[in-house]
Amino acid sequence: EPEVTQTPSHQVTQMGQEVILRCVPISNHLYFYWYRQILGQKVEFLVSFYNNEISEKSEIFDDQFSVERPDGSNFTLKIRSTKLEDSAMYFCASSGQTHDQPQHFGDGTRLSIL
Amino acid sequence: GDSVTQMEGPVTLSEEAFLTINCTYTATGYPSLFWYVQYPGEGLQLLLKATKADDKGSNKGFEATYRKETTSFHLEKGSVQVSDSAVYFCALLMDSNYQLIWGAGTKLIIKP
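An account of the accompanying structure is given in this report. All of these numbers come straight from a predicted model, not from anything done at the bench.

This next bit is on the sheet that holds strand β8 (residues 75-79) of chain A. All names here are of chain A. A sheet is described by the order of its strands in space; here four strands give the open sequence β1-β3-β8-β7, paired in antiparallel fashion. Single-partner strands in this sheet number two, and they are β1 (5-7) and β7 (65-68). With strand direction ignored, the average angle separating the axes of adjacent strands in the sheet is 20°. Relative to strand β3 (residues 19-24), β1 runs antiparallel, the two being bridged by three bridges. Paired with Thr 5 across the two strands is Val 24, which belongs to β3.

What follows covers the state of the cysteines. Residues and elements named next belong to chain A. According to the stated counting rule, one finds two disulfides over all chains in the structure shown. Between the sulfur of Cys 23 and that of Cys 92 lies a disulfide, 1.9 Å long from S to S. Measuring handedness by torsion sign, the sulfur bridge of Cys 23 and Cys 92 sits at about -65° and is left-handed. Of the two residues, Cys 23 is situated in strand β3 and Cys 92 in strand β9 (residues 88-95); the sequence distance between them amounts to 69 residues. The class for Cys 23 is buried, based on a relative accessible area of 1%.

Glancing now at the sheet that holds strand β9 (residues 75-77) of chain B. Residues and elements named next belong to chain B. If you walk across this open sheet you meet the four strands as β3-β9-β8-β7, and the pairing is antiparallel. Across the chains shown, the open sheet's two edge strands, defined by having one partner strand only, are β3 (19-21) and β7 (56-59). Averaged over neighbouring strand pairs, the angle between their axes works out to 20° when direction is ignored. Taken together, the four bridges between β7 and strand β8 (residues 62-65) define a ladder with antiparallel strand orientation. Residue pairing across strands places Gly 57 opposite Ala 64, the latter belonging to β8.

All right, on to the environment of Tyr50(A) then. Residue and element names in this part refer to chain A. Position of Tyr 50 relative to the elements: it lies in strand β5 (residues 43-50). Residue classification places Tyr 50 among the partly exposed positions, given a relative accessible area of 31%. Separated by 49 residues in sequence, Tyr 50 and His 99 place their C-alpha atoms 9.0 Å apart.

Attention now moves to the pattern of salt bridges. All names here are of chain B. Per the stated rule, a full pass over the model turns up four salt bridges over all chains. Between Lys 52 and Asp 55 there is a salt bridge, with the nearest N and O atoms lying 3.3 Å from each other. The residue Lys 77 makes a salt bridge to Asp 84 at a minimum N-O spacing of 2.8 Å. Comparing Lys 77 with Asp 84 shows no difference in burial state: the two are buried.

Analysis parameters
- Residues numbered from 1 in each chain as written.
- Chains lettered and ligands numbered in written order.
- Predicted model: local features only at pLDDT ≥ 70, side-chain atom pairs only at ≥ 80, totals over all residues.
- Heavy atoms only, no water.
- Pairing = 2+ DSSP bridges.
- Helix = DSSP H or I, 4+ residues; strand = E, 2+ residues; numbered from the N terminus.
- Axes fitted to C-alpha atoms, helices over the stretch in contact; angles between N-to-C directions.
- Disulfide = S-S within 2.5 Å.
- Buried < 20%, exposed > 50% of the residue type's maximum accessible area, 1.4 Å probe, protein only.
- Salt bridge = Lys/Arg side-chain N within 4 Å of Asp/Glu carboxyl O.

Have a look at this one:
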């Protein structure tokens, strides 16, 4: 069964550094998403991406964050100048031909900011 | 705003017991409803879904019925197994936007 893959599984970064989280969505999907889950808290939406542009973003997704689809397969989340509070599990998801189809998730990247 | 409320865990049951995990929602329109499951060390897997009132989603022996009158989507299973131990998340998706709105998750522990 096709799946969403995320790399790395765990990223440790010094505060203030930039980090890029990578995702390969399911190949025929058109909608892409990033979510995060801070330890002990709810899963939170960050951003959705369709047709090479952001379709929706949350208040969390400020100028520190950016997303990109640099080629036909990868979807990346960049966090500039990381803060301690960026430590979380980051999940990538994709969905099919319309945005109301179920979102399929990767296993996540655990980001630890020191 | 739109929100999802789940029963707090952990829920601890013996193998073959009947399971119910409650989920209620608040939404301004007519959302699609989902249950996701997260097994230890793994990502979020779609378990089942329902897109309109009175729909029943089912998968792997789990069921949930979309109840508009009670704004609920409770997850049930008739006979749980140790392998069902995981965290279960209820979530909703509005037609008008792209983001899943999540419950807090309910940890389920099944003892042999």
